[in-house]
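Structural characterization, general
Letter by letter, the chains look like this.
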Amino acid sequence: MNEDRKFGFVVGGALALLGSALVLAGSRLAGPVLGGAGALLLLLGAAVPGLLGPLHRGWMAFARVLGRVNTALFLGLVFFLVLTPLGFAFRLSGRDELARRRRRRTGWVPYPERNRDPRHFEKMF
């Protein structure tokens, strides 16, 4: 199945379902418009998917822009609303997850005693 046909089926089906739900909810304008657009996309996807090429490329360009904006907003909000206060709380409580304040900064972690036994490798988990 080529990409234009798949686009027509997926987006057309989603619009048709959304339009049907809106019609059932009592919408007089948005429901029929979305349902009609979905039906048209489904019909074009089944009959002549080549006509959907420019629409598919435009849709994907819009999706790329929207994805970049959403990613920047979401990651910015997570960083400033979750990670920054968490870092301040850890610093105030004296918690040092990376063990940066250790006396010896070699990065060496002692080898656990249980790993010295060769039978340890028989049941690792």
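Above this note sits the structure.
Residues numbered from 1 in each chain as written. Predicted model: local features only at pLDDT ≥ 70, side-chain atom pairs only at ≥ 80, totals over all residues. Heavy atoms only, no water.

1. Thoughts on the environment of Ser 93
Heads up, the condition is: Segments assigned H or I by DSSP are reported as helices when at least four residues long, segments assigned E as strands when at least two residues long, and all are numbered from the N terminus. To sort residues, take the accessible area from a 1.4 Å probe on protein chains only and compare it with the maximum for the residue type: under 20% means buried, over 50% means exposed, and anything in between is partly exposed.
Following the sequence through the fold, Ser 93 ends up in helix 3 (residues 53–93). Residue class for Ser 93 comes out exposed when judged on its relative accessible area of 55%. Expressed as a C-alpha distance, the spacing of Ser 93 and Ala 63, which sit 30 residues apart in the sequence, is 43 Å.

2. Focus on the packing of helix 1 (residues 3–24) against helix 3
To keep it simple, the criterion reads: Axis definition: a line fitted to C-alpha atoms, limited for helices to the stretch in contact. Angles are taken between N-to-C directions and run from 0 to 180 degrees. The labels follow the angle: roughly parallel below 35 degrees, roughly antiparallel above 145, roughly perpendicular from 65 to 115, and oblique for the rest. Pairs of residues are marked as contacts when any of their non-hydrogen atoms sit within 4.5 Å. Residues were grouped as follows: Ala, Val, Leu, Ile, Met, Phe, Trp, Tyr, Cys and Pro as nonpolar; Asp, Glu, Lys and Arg as charged; and all remaining residues, including Gly, as polar.
At their nearest, the axes of helix 1 and helix 3 sit 9 Å apart, and the two run at 70 degrees to each other. By the criterion of interaxial angle, the relationship of helix 1 to helix 3 is roughly perpendicular. Here Glu 3, Asp 4, Phe 7 and Val 11 of helix 1 lie close against helix 3, whose contacting residues are Gly 53, Leu 55, His 56 and Trp 59. Here the residues of the contact of helix 1 with helix 3 are counted per class, giving four nonpolar, two polar and two charged.

3. What to know about helix 2 (residues 30–47)
Applicable threshold: One less than the number of residues in a helix, times 1.5 Å, gives the span that helix is expected to have. Note that the arc is defined by the directions from the helix axis to the C-beta atoms.
The terminal C-alpha atoms of helix 2 lie 26 Å apart, and with 18 residues this matches the ideal 26 Å at 1.5 Å per residue to within 8%. Turning to helix 2, its buried residues number three or more, namely Gly 31, Gly 35, Gly 38, Leu 41 and Gly 45. Down the axis of helix 2, the buried set is contained in an arc of 125 degrees. They therefore lie on one face. For helix 2, the exposed residues lying more than 90 degrees away from the buried face are Val 33, Leu 43 and Ala 47. Against helix 1 and helix 3 lie the buried residues of helix 2.

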